[in-house]
Amino acid sequence: MKVSRRGLLATLGGAGLTLGLSAGGVVAAPAETVTLSDWVRIAPDGGVTLYTSVQEMGQGAWCVHARILAEELGLDWAKVRVEQAPPLPVYGIFSPGYATGGSASVREMYGKLRKVGAAARTMLVEAAAERWNAPADDCTVRGGRVVHVASGRSLGFGELAEAAATRPVPQDPTLKPRSDWSVIGRDLPRKDLPGKVDGSAVYATDVKLPGLLTATIRQAPQFGAKLKSVDPAPALAIPGVRKVLEMRGVSITVPGWNQPVDLPDAVIVVADGFWPAKKGLEALAPEWAEASDAPDTVGLLAQLKTAALTRAEVATPRRDYAPGEREALQKTLAAAADAALAAADRTIERDYTSPLLAHAPMEPLSAAARMTADGGVEAWGGFQNTSGLRRAAAAMVGVPIEKVDAHTLFSGGSFGRRYKNDFGLQAIWAARAAGAPVKLIWSREEDIRQDWYRPAGFQRLTAGLKGGRVSGFRVVGSNNNANYTRDMVSGPPHDLIQYEVPGMVMAGAFVASPVPGGPWRSVLHTGNAFAVECFLDELAHETGVDPLAFRRPLLAKSPRALRAMEHAVKAARWGRRLPKGQGLGLAVWSSFQSVCAQVVQVRVTNDQVRAEQVWCAFDCGTAVNPDGVRAQGESSIILALSSAATGEINLDAGRVVESNFHDYPHLILAQTPKITIDLLETREAAPGGAGEPMTPPLMPALANAIFAATGRRLRTLPLTKAGLTLV
């Protein structure tokens, strides 16, 4: 994206020092033309503004970005103002995509923000040294000022900003040594919390526009069903209802995308407020043409098992292959696994299944939109994938992408759900059809029944045992999400499993289904971790070896994982005698460049399970905001425990059975265990993710603890499947 000098200055509102991040490094602005992907401005009044594409959904990323920048600048981090960058792909973490996901908010921006902060600091120091006619080495930065150490003279950043902007941008600036850090690694309050407490933070439901109407929606109750007809009269008879819109056959072909974006048929009621819209929708009785291939839960799981066992594709390293080369390698890998298993003294095989899971964020989906005077589109919402929304909206409306403006707002949770842009596209469609600005608000029931679910999964694990050790290992799985399957088969098993086992092979299959599947916190890692970590516990029991001792040799080549495991079991006092009906369970998992080990202690009485305590050892490299990382861990553990206890989306002829928190509950305070999170640092490692990696180990650790307490193995979740209740 080329930004002109005039356009950039107009956006910034004046001169000053502005630095951007390009693929080649740090670049200066304003200039005649400059490629920017994220930028920082030091204004003449000394104010520092950081523009970010990260969507703030409760994870605290804005606060962390401010701290990283402030550390290198030598500035009080609380004085860094963070603003949402314009919705241009060049600002994206995943260039050129403007999106938030993959636990990448810190791990992708950490090095970039340090570099741009160090470059700005260097330029400010050089500008001050030039003014004082002193060596730059005699100057330092303190609290937003450049100080000449010998004389005590100082100048504020604002006084130096314009002069600094004329200096060459250092492409390899010297970063502050860790020993001088004063912000990174400290527990400090978050910048976004006051607005969320006092109500000044703006969410989609807070948007106000001239002539804004409010709408709510009922989509086809059966996946794949089509709207036949609806009589609008009952809704229009309710005071405040303006229009009843029939959304049919919306299929959006987006240039460059492999498949169209299909929105379910739906009825949308537009009114003066949410209450009349809701009452109007309840008054309608739309008729639907049912789909012929509507699945139920049992049928979907049967399809998954058949696919895994008959057509799973062997995972191979990510690289380009000559014709036939990949197929030959797959045969070689499969043969090696077969040979390793055949040479074993005994072979053990187990099947595991994972259910569909809803995201169920505390804030239901909502977005506002209006058509602009020039024929374009403007939208507001907690968009996790703003680039995708703009491209799909441009194709749907038939305008250039430059005419689609999307404002990314805060959201009350996401867990991956807001990466899918159906709710934003529906708001745009409704505004266009209604001929007025529209704010679309989904009900909780719609949120549960029209999700992009964590895919259901089937895994068959086979291990060979020889001399009490694992001598072969095969994982064959399937799910109903193409992206999950792609990630499973587009790399060696060690990309997903940190254990070192001879002849290890992984294979996966995709099952096409009308049930939409999408990213769920930690993506495919939850299902894989549940199967692998439970299976390892079974193998340990079969060989008469303690689960901790059984894992140690398998982690010999994964020192970070081994260290995390040893720390967690020490904190939990692994090996101590527990009263009857109590047990400890262990699980270790690596994802998003981070490592997590968890131990769960349970007490089981008359099929009632009490999770008493969770010990978590977590290594994400460098924890910029330790308190924030712990909060992410507590959130991950609570979400995973909720899902393990009762989380399950059931299908009846293609219809979702669950509808709200009464039958898809979240964990309540009384059920929440004591959670201890110890942060381990690996300084030489690149920063890893924190929002997702503490989710996968909880489910298997819980299941393993229940076995230790009762002798009952769980190979599917939730606990209710086994007649167990979390209390």
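Just above sits the structure.
Residues numbered from 1 in each chain as written. Predicted model: local features only at pLDDT ≥ 70, side-chain atom pairs only at ≥ 80, totals over all residues. Heavy atoms only, no water.

Asker: In this structure, what is going on with the sheet that holds strand β11 (residues 213-219)? I would like to understand it.
Answerer: Strand pairing within a sheet occurs via backbone hydrogen bonds; the two strands may be parallel or antiparallel. Taken in spatial order, the seven strands line up as β13-β16-β11-β23-β20-β21-β22 in an open sheet, and their pairing is mixed. The outermost strands of the open sheet, each flanked by one partner alone, are β13 (241-247) and β22 (404-408). Shown here is a sheet whose adjacent strand axes are inclined to one another by a mean of 20°, direction ignored. Sheet topology note: the strand β20 (residues 366-371)/strand β23 (residues 438-441) ladder contains four bridges and is antiparallel. Its bridge partner being in β23, Ala368 is matched across the sheet by Lys439. The strands that helix α10 (residues 386-397) touches are β20, β21 (377-381) and β22; relative to β22, the one it contacts most, it runs at about 150°. Strand contacts of helix α11 (residues 422-434): β11, β13, β16 (266-271), β20, β21 and β23, with the helix running at about 40° to β20, the strand carrying the most contacts. (Pairing = 2+ DSSP bridges. Helix = DSSP H or I, 4+ residues; strand = E, 2+ residues; numbered from the N terminus. Axes fitted to C-alpha atoms, helices over the stretch in contact; angles between N-to-C directions. Contact = heavy atoms within 4.5 Å.)

Asker: Is there a simple way to explain the state of the cysteines in this structure?
Answerer: Scanning the model with the defined rule gives zero disulfides in all. The thiol of Cys63 is not disulfide-bonded; the next cysteine sulfur, from Cys620, is found 14 Å away. Overall, the relative accessible area of 1% leaves Cys63 in the buried class. (Disulfide = S-S within 2.5 Å. Buried < 20%, exposed > 50% of the residue type's maximum accessible area, 1.4 Å probe, protein only.)

Asker: Help me understand the packing of aromatic side chains, please; the structure alone is not making it clear to me.
Answerer: A ring pair, where both rings are aromatic, is described by two values, the distance of the centres and the angle of the planes. Evaluation of the coordinates by the stated rule reveals seven aromatic pairs. Taking 6.2 Å as the distance between ring centres and 70° as the angle between the ring planes, the aromatic pair formed by Tyr203 and Phe410 counts as edge-to-face. One end of the pair, Tyr203, is in the loop between α5 (193-198) and β11; the other, Phe410, is in the loop between β22 and α11, and 207 residues separate them in sequence. According to the relative accessible area criterion, Phe410 is buried, its value standing at 13%. On the numbers, 5.9 Å between centres and 35° between planes, the contact of Phe383 with Phe423 is tilted. With Phe383 in the loop between β21 and α10 and Phe423 in helix α11, this residue pair connects regions lying 40 residues apart in the sequence. (Phe/Tyr/Trp six-rings, centres within 6.5 Å; stacked < 30°, edge-to-face > 60°.)

Asker: Just checking my understanding: could you explain empty space enclosed by the protein for this structure?
Answerer: For the coordinates displayed, the defined rule picks out four cavities of 30 Å³ or more. Lining the largest cavity are 15 residues; nearest its centre among them are Gln459, Asn479, Tyr484, Leu524 and Gly527. For the lining of the largest cavity, the secondary-structure elements that each account for two or more residues are β24 (457-466), β25 (469-479), α13 (482-489) and α14 (525-543). Here the element with the most residues in the lining of the largest cavity is α14; it accounts for three residues. Class assignment of the residues belonging to the lining of the largest cavity gives a composition of six nonpolar, eight polar and one charged. (1 Å grid on protein atoms, 1.4 Å probe; cavity = no way out; pocket = protein on both sides within 12 Å on 5 of 7 lines; lining within 4 Å. Points joined across faces, edges and corners; volume = space filled by probe spheres on them. Nonpolar A, V, L, I, M, F, W, Y, C, P; charged D, E, K, R; others polar.)

Asker: So what exactly am I meant to see when it comes to the pattern of salt bridges here?
Answerer: Opposite charge on two side chains permits them to pair, given that their charged atoms come into close proximity. Inspection of every chain in the model, using the stated rule, returns 42 salt bridges. The salt bridge involving Arg114 is made with Glu72; its shortest N-O contact spans 2.8 Å. Remark: Glu72 occurs in helix α2 (residues 61-73) and Arg114 occurs in helix α3 (residues 110-132); sequence separation between them is 42 residues. Like Arg114, the residue Glu72 is buried in the burial classification. Within this structure, Arg346, Arg350, Glu538, Glu542 and Arg715 form a network of salt bridges that share partners. (Salt bridge = Lys/Arg side-chain N within 4 Å of Asp/Glu carboxyl O.)

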